[in-house]
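# Coordinate inspection notes
Below, each chain spelled out in residue letters.
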Amino acid sequence: MKARLFPASTDQPTTAFSFGVLKDFHLQTLELKKSAYDYLGGLTNNANPDGVPNPYAQFLRVVRVWRMLMMHQRSGQAHGIDTFFPHRPKGNMAVSCPTCLEPGVNMEEGWDLTDEDLKHIIQLYKSINGNFQLQKKKKNDDPDDVALMEGLGYFPPDLGYQEYLKRVGESKECTCAHLNAVNMQDKIKFKNCDITGVVGIECRHILIMSMVDLQKGERCALHVLHSELFTNI
Ligand SMILES: [Zn+2]
C-alpha cells in the first residue's frame, strides 16, 4: 500500500493494481459509465497483446473495496466526522445535502419555537420515487458476496430491513384513485424476482437520502409507501 499498489488478495498477493489505475477507473465509471470489463479490456489489449492473463475477477473485487475506502475517506468517517455531527446516524457515509434544513447545522437556535403561522417557512421537502425496472432475478448467489457498507450508506442494514418486512405483512389492494394505474401493471414482470424494484427518497435538491429494495412488485410497494415505512428509513 505504501508503494501505492493495491493487492488483489490479502493472503500472499502476487497481483496488484496501482492506485492510479483504480482512481482513473473510478472517475471513468462515474463520469463515462464505463464498465470494468471495457476499461480493463482497453488496458490489457493495448499493453499486453501476448496473452498475459486478464485480471478481471481480481479487478472487480479490488474496485469494490476501493470505492468503499473512498467513501470512508470522503464522507469524513476516516477523520472522525461523527464527533462534529453527533445527531447523524453513527458511521454514516451518505452525502448529506448542505442546503436542506438540518437542526444543529444550518438552522438558528430556537427554530422549534417558530410561530404557528410561520412554520411553513421551515419545511423539509422530500420526494419519493420508485424504479420498478431495477430488479434482481432469483438465482444462485455467491455466498462470499458480502455487503461492505451494511447500512452505512443509502440502503438500510439487511437484517433490520428483513425484520421490518415481516412486521409489515402482506399487502392489501391500494384504494387511492390516482394509483389505479398500478393495478393495470403487468404482474408477470415481477415473477421470479428476489427484488422487484427500488424506492428512493430524495430532497428537493435531488440528493438521495435513502433507498430500499422492494420484494413484491408495485402494488405492495405503494401500499408500503402509505404505511409507516417512510418514517423508519
Ligand atoms: Zn436538499
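Fair warning: this is a prediction, and the values are worked out from it, not measured in the lab.

### Regarding the coordination of the zinc ion
Those donors, Cys-97 (SG), Cys-100 (SG), Cys-203 (SG) and His-205 (ND1), are the protein atoms that reach the zinc ion, and they lie 2.1 to 2.3 Å from it. In this structure, the zinc ion is surrounded by four donor atoms whose angles at the metal cover 102 to 116°, and the resulting shape is tetrahedral. On the primary sequence, the residues serving as donors to the zinc ion are separated as C-x2-C-x102-C-x1-H. In this pair, Cys-97 sits in the loop between helix H3 (56-74) and strand E3 (126-131) while His-205 sits in the loop between strand E6 (197-203) and strand E7 (208-214), placing the two residues 108 residues apart along the sequence. On the accessibility criterion, His-205 (34% relative accessible area) is partly exposed.

### Points about the pattern of salt bridges
Scanning the entire structure with this criterion turns up five salt bridges. Note that Asp-141 is salt-bridged to Lys-136, the shortest N-O span being 3.3 Å. Overall, the relative accessible area of 24% leaves Lys-136 in the partly exposed class. Here Asp-194 and Lys-136 are joined by a salt bridge, their closest N and O atoms 3.0 Å apart. Linking Asp-194 in strand E5 (residues 193-195) with Lys-136 in strand E4 (residues 136-137), this pair joins segments that are 58 residues apart in sequence. One network of salt bridges, with partners in common, ties together Lys-136, Asp-141 and Asp-194.

### Quick notes on the nonpolar core
Membership of the largest hydrophobic core comes to 14 residues, with the highest contact counts inside it found for Phe-6, Phe-17, Leu-22, Phe-25, Phe-59, Val-62 and Trp-66. For this core, the secondary structure elements donating two or more residues are helix H1 (19-32), helix H2 (36-47) and H3. Element by element, the count of residues in this core is highest for H3, at five residues. Those residues in contact with Leu-22, other than ones at most four positions away along the chain, are Phe-6, Phe-17, Phe-59, Val-62, Val-63 and Trp-66. Of all hydrophobic cores here, the second largest spans seven residues; its members include Tyr-161, Phe-190, Val-199 and Val-212.

Rules behind the numbers
Along each chain, residue indices are assigned from 1 in the same order as the chain's sequence is written. Reporting in this predicted model follows two pLDDT cut-offs: at least 70 for local features of residues, and 80 or more for side-chain atom pairs to be given and counted; totals over whole chains, interfaces and linings ignore these cut-offs and use all residues. The side-chain quantities take in all heavy atoms of the structure and omit both hydrogens and water. We call an atom a donor if it is N, O or S and sits within 2.8 Å of the metal, or 3.2 Å for Na, K and Ca. Water is not counted, so some sites may look partial. Every geometry call rests on angle ranges, with four donors termed tetrahedral when all angles are between 85 and 135 degrees, four termed square planar and six termed octahedral when opposite donors are over 155 degrees apart and all others are between 65 and 115, and everything else termed irregular. What counts as a helix is a DSSP run of H or I of at least four residues, what counts as a strand is a run of E of at least two, and both are numbered from the N terminus. Under the scheme applied here, a residue whose accessible area is under 20% of the maximum for its type counts as buried, over 50% as exposed, and between as partly exposed, the area being computed with a 1.4 Å probe on protein chains only. Criterion for a salt bridge: a side-chain nitrogen of Lys or Arg within 4 Å of a carboxyl oxygen of Asp or Glu. The nonpolar core is taken to be a set of buried Ala, Val, Leu, Ile, Met, Phe, Trp, Tyr and Cys residues, with the residues joined through side-chain atoms within 4.5 Å. Note on contacts: a residue pair is in contact if any heavy atoms of the two residues lie within 4.5 Å.

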